[in-house]
Amino acid sequence: TGSESPIVVVLSGSMEPAFFRGDLLFLTNYREEPIRVGEIVVFKIEGRDIPIVHRVLKVHEKEDGKVKFLTKGDNNSVDDRGLYAPGQLWLEKKDVVGRARGFVPYVGIVTILMNDYPKFKYAILACLGLFVLIHRE
Amino acid sequence: MAALTFCCFLTTAFNSHKASVYLGTGKAIVKNVPDYSANREKSDLGFIVFDMTADLTKIFNWNVKQLFLYLTAEYETKDHQLNQVVIWDKIIRRGENAMLDYRSINTKYYFWDYGNGLKGNKNVTLTLSWNVIPNAGTLPKVMGEGSHKFKFPDEYSANRF
């Protein structure tokens, strides 16, 4: 699908009631595809690791294809300018990790639980290990 | 079980989610003021009132959790070949009233241009679109059938809107 990571888990409540923490999003990132308002994009702020999933609110595109756009979470009352890097007013294509094309609810909650509760992760790994041992043919 | 889920999804996968929309505008003015939310340069700021009528009830089915509606103003300026600004949006969840009938309402978001391209702009097109959010499945964007073109005046306005 051309994307750096084709599946992401929704980490925050900023897109409720469409998406909740733990929902799974399927992404594509075809570079030639234009950015248009209404799209749900996953982007990263320069210098930060965490991908953000928000909706495109404004697009200004030049003839040569250079585009600047602004995003906002559905559940936020203000746009994302406060989230961007200091001095950054717009996002550009290079900031985009992918576009959300489809989604499945809840499934990603497992990865969030494993992140927040390491003991849960070890318990899952232990169970998997046990399962493998018991089912060896 | 997974096959059953997939088949359920398939039953709604090919719905068109289309509907017709009536859009109109009343007064439209432009001011030229510093954009404190952005680069603080003097930019064009448009003010409009608009009408909107649409019946979206037929779009909802068991696999439509919510519609995210957004009203887009699209126009061309000498700085940018394509500009799209969302000036109003609304979430309608399944079960809520999906008949829209607004008269002379204000925009929800400021209509800033990135530059000074609204004054004298003869062709600004308003369209209403919706992003269909399913219980599970794809997230299509659909544009309503029915757009509306309007123009901004040739002079800046110093008056209150």
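Given the structure is predicted, the values throughout are model-derived calculations rather than measurements.

Novice: Before we move on, could you go through the overall build of chain A and cite the residues and values that matter?
Specialist: Per the secondary structure count, chain A includes 2 helices and 6 strands. Its C-alpha atoms give chain A a radius of gyration of 18 Å, more than 25% over the compact-globule value 14 Å for 137 residues. Seen through its principal axes, chain A has C-alpha atoms that stretch 65 × 30 × 30 Å. Relative to its full complement of 137 residues, chain A shows a buried share of 44%. For chain A, the share of sequence-separated contacts (at least 6 apart) that also reach a separation of at least 24 residues comes to 56%. Here chain A displays about 7,600 Å² of accessible surface, and carbon together with sulfur accounts for 61% of that area.

Novice: So, the packing of aromatic side chains: which residues are in play, and what are the values?
Specialist: Here the distance between the centres and the angle between the planes together describe a pair of aromatic rings. Scanning the model with the defined rule gives 9 aromatic pairs over all chains in all. Between phenylalanine 50 of chain B and tryptophan 88 of chain B, the ring centres sit 6.3 Å apart and the planes meet at 80 degrees, which makes this aromatic pair edge-to-face. Of the two residues, phenylalanine 50 of chain B is situated in strand E2 (residues 42–55) and tryptophan 88 of chain B in strand E4 (residues 82–93); the sequence distance between them amounts to 38 residues. For the pair formed by phenylalanine 50 of chain B and tryptophan 88 of chain B, the shared burial category is buried. An aromatic cluster is present here, built from Tyr75, Phe111, Phe150 and Phe152 of chain B joined pairwise through their rings. When the ring centre of phenylalanine 68 of chain B is taken as origin, the NZ or CZ atom of arginine 55 of chain A, which lies over that ring, is 3.7 Å away. Lying across the ring of tryptophan 90 of chain A, arginine 81 of chain A places its NZ or CZ 4.6 Å from the centre.

Novice: Can you lay out empty space enclosed by the protein for me, pointing to particular residues and giving the numbers?
Specialist: Under the counting rule described, the total for this entry stands at 2 cavities of 30 Å³ or more. Residue lining of the largest cavity: Gly38, Arg55, Val56, Leu57, Lys72, Gly73 and Asp74 of chain A together with Phe68, Tyr70, Val86, Asp89 and Tyr109 of chain B, and that is the complete set. Those elements giving two or more residues to the lining of the largest cavity turn out to be strand E4 (52–61) of chain A together with strand E3 (64–75) and E4 of chain B. No other element matches E4 of chain A, which puts 3 residues into the lining of the largest cavity. A breakdown of the residues in the lining of the largest cavity according to their chemical character gives 6 nonpolar, 2 polar and 4 charged. Roughly 40 Å³ of volume is contained in the second largest cavity.

Novice: Give a description of the interface of chain B and chain A that names residues and reports values.
Specialist: Taken together, the 32 residues of chain B in the interface contact 30 residues of chain A. Counting across the interface, chain B meets chain A through 1 salt bridge. Lysine 141 of chain B is the salt-bridge partner of glutamate 39 of chain A, the closest N and O atoms lying 3.3 Å from each other. At the surface where chain B touches chain A, the tally comes to 16 residue pairs in polar contact (both at pLDDT 80 or more).

Novice: So what's going on with the nonpolar core? Which residues, and what values?
Specialist: Counting residues in hydrophobic clusters, the biggest one holds 35 residues, and the most contacted among them are Leu56, Phe111, Leu128 and Trp130 of chain B. Top element by residues in this core is E3 of chain B. It accounts for 6 residues. Counting 21 residues, the second largest nonpolar core, distinct from the first, contains Val37, Ile52 and Trp90 of chain A together with Phe68 of chain B.

Novice: Could you give an account of the environment of glycine 102 of chain A, with specific residues and numbers?
Specialist: Here glycine 102 of chain A lies in strand E6 (residues 96–104). Residues glycine 102 of chain A and asparagine 115 of chain A, 13 residues apart in the sequence, show an inter-C-alpha distance of 24 Å. Setting aside residues no more than four positions away along its own chain, glycine 102 of chain A makes contact with Leu24, Leu25 and Phe26 of chain A together with Gly137, Thr138 and Leu139 of chain B.

Novice: Could you give an account of unusual backbone geometry, with specific residues and numbers?
Specialist: The linkage connecting glutamate 16 of chain A with the following residue, proline 17 of chain A, adopts the cis geometry, with an omega of 0 degrees. One can find proline 17 of chain A in the loop between strand E1 (7–9) and strand E2 (24–28). With phi around 65 degrees, arginine 40 of chain B is a residue other than glycine that occupies positive phi space. Tracing the backbone through its elements, the reader meets arginine 40 of chain B in the loop between strand E1 (21–34) and E2. Phi at serine 104 of chain B takes a positive value of approximately 50 degrees, unusual for a residue other than glycine. Tracing the backbone through its elements, the reader meets serine 104 of chain B in strand E5 (residues 99–106).

What counts and what doesn't
- Residues numbered from 1 in each chain as written.
- Chains lettered and ligands numbered in written order.
- Predicted model: local features only at pLDDT ≥ 70, side-chain atom pairs only at ≥ 80, totals over all residues.
- Heavy atoms only, no water.
- Helix = DSSP H or I, 4+ residues; strand = E, 2+ residues; numbered from the N terminus.
- Rg over C-alpha atoms; globule rule 2.2 N^0.38 Å.
- Buried < 20%, exposed > 50% of the residue type's maximum accessible area, 1.4 Å probe, protein only.
- Contact = heavy atoms within 4.5 Å.
- Areas by Shrake-Rupley, 256 points an atom, 1.4 Å probe, with all protein chains shown as cover.
- Phe/Tyr/Trp six-rings, centres within 6.5 Å; stacked < 30°, edge-to-face > 60°.
- Lys NZ or Arg CZ within 6 Å of the ring centre and 35° of its normal.
- 1 Å grid on protein atoms, 1.4 Å probe; cavity = no way out; pocket = protein on both sides within 12 Å on 5 of 7 lines; lining within 4 Å.
- Points joined across faces, edges and corners; volume = space filled by probe spheres on them.
- Nonpolar A, V, L, I, M, F, W, Y, C, P; charged D, E, K, R; others polar.
- Salt bridge = Lys/Arg side-chain N within 4 Å of Asp/Glu carboxyl O.
- Polar contact = N/O pair within 3.5 Å; in protein donor to acceptor, adjacent residues only side chain to side chain.
- Core = buried A, V, L, I, M, F, W, Y, C linked by side-chain atoms within 4.5 Å.

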